[in-house]
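# Coordinates in review
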Amino acid sequence: MTLPQPPMSLLAELTHRCPLACPYCSNPLDLERKSAELDTAGWRLVLEQAAEMGVLQVHFSGGEPMARPDLVELVTLARKLNLYTNLITSGVLLDANKLEALDKAGLDHIQLSFQDVTEEGAERIGGLKGAQERKLKAARLIQASGIPMTLNFVVHRENVSRIPQMFELTRELQAGRVEIAHTQYYGWGLKNRDALLPSREQLEESTRAVEAERAKGGLAIDYVTPDYHADRPKPCMGGWGQRFVNISPSGRVLPCHAAEIIPNVTFPNVRDESLAEIWNNSRLFNMFRGTEWMPEACRACDRREIDWGGCRCQALALTGDAANMDPVCERSPFHDVVKAARDHLEAPELVYRRASK
């Protein structure tokens, strides 16, 4: 039996705790409690096993990873293991002392998220008063430290018109890279899709803004569009079980952050099995790996090893079966579901990310 190539990247969701309440959060609706989180020894074992497998990068995420008091210890270990380290943070818990400790630990890169460029817009989405000022202060601290920084802006119906101002802020803060990412409709994003999904006209306007900024040069721009306005699916996570592995706060090992919604599957856990065993041999990771599982139309498609059949979690959420064709694809018998969502113009109240009581 030929074993799959090891994953390139590990997304370590250290916690679901977060001071923000963004209604597009990719965390599951059922947030994991602090008491369920892996302890420091558990995460250390994960990093050691990942490095032994041949993983190259670890992205410390959440929730808000800076809510974990052992973050510096984990970054230090990751660098000793020759893993490239990236911190994905809201910045609201960052101060000069914490940043200095992370710098000394060898942190390679920081992705700093912004909900908007205006204070009003940021507080409406994030739900935390004063967050924008704290983020701006964090960005200036990071810039002064010399740690490479990417600004992440999640865009949607309410803020998509302010993309030019997002580029202005990025240049002002001297970040080398910016990501303009349209909301991806999983987890809390799917729950709020009807309130957040932009119109076709708004998408086209955002694309023009990105192209105009790219023409200026001097700034690396990543641009992620919403599936719902596409006719072909994207290769979600580079293909199921191909390049990325995600570990939840409690140690569940997933092909992507949304996979926990798939029914009738046992989710393997690093508390019970090694990371390599899960990646290579678990039923979950082999369910949709490669092309054999694909519906006939997908297997016959010349894009089958480009998009790898699209997103399984999207297929499940919109059609009820993760093995169905991704409804984003114009060839899918379920494509009308996506078209109906695009045409839905109502704007209900936002449902904010909150832990259930």
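Residues numbered from 1 in each chain as written. Predicted model: local features only at pLDDT ≥ 70, side-chain atom pairs only at ≥ 80, totals over all residues. Heavy atoms only, no water.

## Things to note about the packing of aromatic side chains
Basically, it comes down to this: For Phe, Tyr and Trp, rings pair up if their centres lie within 6.5 Å, where Trp contributes its six-membered ring, and each pair is then called stacked (planes under 30 degrees apart), edge-to-face (over 60) or tilted (otherwise). Three labels apply to residues, based on accessible area from a 1.4 Å probe with only protein chains included: buried if under 20% of the type maximum, exposed if over 50%, partly exposed otherwise in between. Charge-over-ring placement is defined geometrically: NZ (Lys) or CZ (Arg) within 6 Å of the ring centre, and within 35 degrees of the ring normal.
This structure, assessed with the given rule, holds five aromatic pairs. Look at Trp279 and Phe285: their rings are 5.4 Å apart centre to centre, the planes differ by 55 degrees, and that puts the pair in the tilted class. Accessibility classification places Trp279 together with Phe285 in one group, the buried group. Residues Phe288 and Trp293 carry aromatic rings whose centres are separated by 5.1 Å and whose planes lie at 80 degrees to one another, so their mutual orientation is edge-to-face. Each member of the pair, Phe288 as well as Trp293, carries the same accessibility label: buried. Among the aromatic residues, ring-to-ring pairing joins Trp240, Phe288 and Trp293 into one connected group. When the ring centre of Trp279 is taken as reference, the NZ or CZ atom of Arg289 above it lies at 4.9 Å. Over the ring of Phe288 we find Arg312; its NZ or CZ atom is 5.9 Å from the centre of that ring.

## Looking at the pairing of strand β7 (residues 220–224)
Counted only if it meets this: A run of H or I in DSSP counts as a helix once it spans at least four residues, and a run of E counts as a strand once it spans at least two, with each numbered from the N terminus. When DSSP finds two or more bridges between two strands, those strands count as paired.
Only one face of β7 is covered, namely the one carrying Ile221 and Tyr223; the face carrying Ala220, Asp222 and Val224 has none of its residues buried. Two strands pair when backbone bridges link them, and strand β6 (residues 177–182) and β7 are joined in this way by five bridges, in the parallel orientation. If you follow Glu179 over to β7, its bridge partner there is Asp222.

## Focus: the environment of Glu273
For clarity, the threshold we go by: Contacts are assigned to residue pairs that have any heavy atoms within 4.5 Å of one another.
Mapped onto the fold, Glu273 is located in the loop between β9 (253–254) and α10 (275–281). Accessibility expressed as a relative area gives 35% for Glu273, which makes it partly exposed. Along the chain, Glu273 and Arg232 lie 41 residues apart, while their C-alpha atoms are 36 Å from each other. When residues no more than four places from it in sequence are discounted, the contact partners of Glu273 are Pro268 and Ile278.

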